[in-house]
Amino acid sequence: MRDLITYIAVTALMLSVTPVIAQTPEQYFETANAHYAEGRYQEAIDDYKKILDSNQESAAVYYNLANAHFKLNNVAPSIYYYEKAKQLAPADSDIKNNASFADKMKIDAITPLPENTLQKWFNSILNIMTTDGWAYATVAFVFLFVILFISYYFSVASGKKRLFFVSSVTSLLLALLSLVFAYNAFAKISKDNPAIVFAATSEVKSEPNLKSTQAFILHEGTKVMILETVDNWNKIKLADGKTGWIPTTDVRAL
């Protein structure tokens, strides 16, 4: 009798666990989207996070997760996940538009240091694609250059020869330009260490200890750059150039 009860209990447990285990990230995504469409935003958030917990990520998951947090007026999480989405799809207009709405919920208004026209132009092009995108573009242009140069080499007609030569040179120049952007995108990722303030209010100190003087105060949703870490403190830099020390528990790195 005892064995029978044990068998029934184990079987019931397995049946209750199996549906959870069987669900794939795609199924979680569909379920989360359904919850979002029904206005059950917290349930949608829970399912989107299950996708991330399975080591799967995409711009769509981060974007939808940010939208759900935005609907619940969760300032820091919505900005954080929009930033994660932009890292994977920097040229996506929907992500950028919704991120701008989320930014308006922030309390801190920080004016970035001015950029000259050349810097703005360069950064606007750099942000069109990710580092991988620029790398793939470089490979594609190099491959195109090889094909066009071979065509130029074996062409007999002078008109086609001239066309293939000009096209191959153009492809080579575009490959070199893409390589420059790929290198700069990689250098930017390696150097930058962005983070979002998650604490409702955080007192930024002049030194990495509680006894030091207050440098300034930040609020949730503000984006910072982490320069270094000492014990439980992060040295941060704002877009306006100000620096200070903030507890590591108050920020979440991107």
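Scroll up for the structure.
Residues take numbers from 1 onward in each chain, read along the sequence in its written order. Where totals are concerned, whole chains, interfaces and linings use all residues; where local detail is concerned, this predicted model gives features only for residues with pLDDT of at least 70, and gives and counts side-chain atom pairs only at 80 or more. Note that water and hydrogens are dropped before the side-chain values are worked out from all heavy atoms of the structure.

**Remarks on the overall build of the chain**
Here a helix means four or more residues in a row that DSSP labels H or I, a strand means two or more in a row labelled E, and each is numbered from the N terminus. Each helix and strand counted, the chain has nine helices and seven strands in total. In terms of overall dimensions, the chain is more spread out than a globule: its C-alpha atoms have a radius of gyration of 25 Å, far above the 18 Å expected for 254 residues. Across its three principal directions, the C-alpha atoms of the chain cover 90 × 65 × 35 Å. When each of the 254 residues of the chain is scored for burial, the buried share is 31%. Residue contacts are counted whenever heavy atoms from the two residues lie within 4.5 Å of one another. For the chain, restricting intrachain contacts to residue pairs at least 6 apart in sequence, the fraction spanning at least 24 positions comes to 55%. Reported accessibility uses the Shrake-Rupley method at a 1.4 Å probe radius. Residues are deemed covered only where the shown protein chains occlude them. As displayed, the chain has an accessible area near 15800 Å², and 61% of this comes from carbon and sulfur atoms. Once the 23 positive and 24 negative side-chain charges of the chain are each reduced to a mean point, those two points are 9 Å apart. Throughout, the radius of gyration refers to the C-alpha atoms, and the reference size of a globule is 2.2 Å times the residue count to the power 0.38. Relative accessibility decides the category of a residue: with a 1.4 Å probe and only protein chains considered, values under 20% of the type maximum give buried, values over 50% give exposed, and everything between is partly exposed. Charge convention: Lys and Arg are scored as positive, Asp and Glu as negative, and His as well as the terminal groups of each chain are ignored. One atom stands in for each charge, and that atom is NZ of Lys, CZ of Arg, CG of Asp or CD of Glu.

**A look at unusual backbone geometry**
Only a minority of non-glycine residues have a phi that is not negative, and only a minority of peptide bonds are not trans. If you check the backbone angles, N73 has positive phi at about 60° while not being a glycine. Tracing the chain through its elements places N73 in the loop between helix 4 (59–71) and helix 5 (75–88). With relative accessibility at 56%, the residue N73 sits in the exposed group.

**Considering a nonpolar patch on the surface**
Patch rule: a residue counts if its relative accessible area is over 30% and it has no salt bridge; like charges are joined within 9 Å, and nonpolar side chains (Val, Leu, Ile, Met, Phe, Trp, Tyr) within 5 Å. The term salt bridge refers to a side-chain nitrogen of Lys or Arg lying within 4 Å of a carboxyl oxygen of Asp or Glu. Residues F165, V166, V169, L172, L173, L176 and L179 make up a contiguous nonpolar surface patch of roughly 610 Å² in combined accessible area. Secondary-structure assignment places L172 in helix 9 (residues 158–191).

**Describing the pattern of salt bridges**
Taken as a whole, this structure holds six salt bridges when the rule is applied. Close ionic contact of R40 with E38 constitutes a salt bridge, the shortest N to O distance being 2.7 Å. Here K50 and D47 are joined by a salt bridge, their closest N and O atoms 3.6 Å apart. Placement of the pair is K50 and D47 together in helix 3 (residues 41–53), with a separation of three residues, close to one helical turn. Look at K50 and you get partly exposed, because its relative accessible area is 38%. Judged by relative accessible area, which is 8%, D47 ranks as buried. Taken together, the salt bridges that share partners define one network made up of E38, R40 and E43.

**Concerning helix 5**
In an α-helix there are 3.6 residues to a turn, and that puts residues three or four apart on one side. The end-to-end C-alpha distance of helix 5 is 21 Å, a good match for the 20 Å that 14 residues give at a rise of 1.5 Å each. Counting buried residues in helix 5 gives 11 out of 14 residues, a clear majority hidden from the surface. Those residues of helix 5 that are buried are in contact with helix 3, helix 4, helix 6 (93–103), strand 1 (194–197), strand 4 (223–230) and strand 7 (251–253). In this analysis, the expected span of each helix is defined as 1.5 Å times one less than the number of residues it contains.

**Digging into the packing of helix 8 (residues 131–154) against helix 9**
Lines fitted to the C-alpha atoms define the axes, with helices restricted to the stretch that makes contact. Angles between their N-to-C directions range from 0 to 180 degrees. Helix 9 packs onto helix 8 with a crossing angle of 160° between their chain directions and a minimal axis gap of 7 Å. It follows from the interaxial angle that helix 8 and helix 9 lie roughly antiparallel. Crossing hand, helix 8 versus helix 9: left-handed. A per-class count over the contact of helix 8 with helix 9 returns 22 nonpolar, seven polar and one charged. For this classification, under 35 degrees means roughly parallel, over 145 means roughly antiparallel, 65 to 115 means roughly perpendicular, and everything else is oblique. Two helices that cross are described as forming a left-handed crossing if the nearer one is turned anticlockwise from the farther one by less than a right angle, and a right-handed crossing if clockwise. All residues other than Ala, Val, Leu, Ile, Met, Phe, Trp, Tyr, Cys, Pro, Asp, Glu, Lys and Arg, Gly among them, are scored as polar; the first ten of these are nonpolar and the last four charged.

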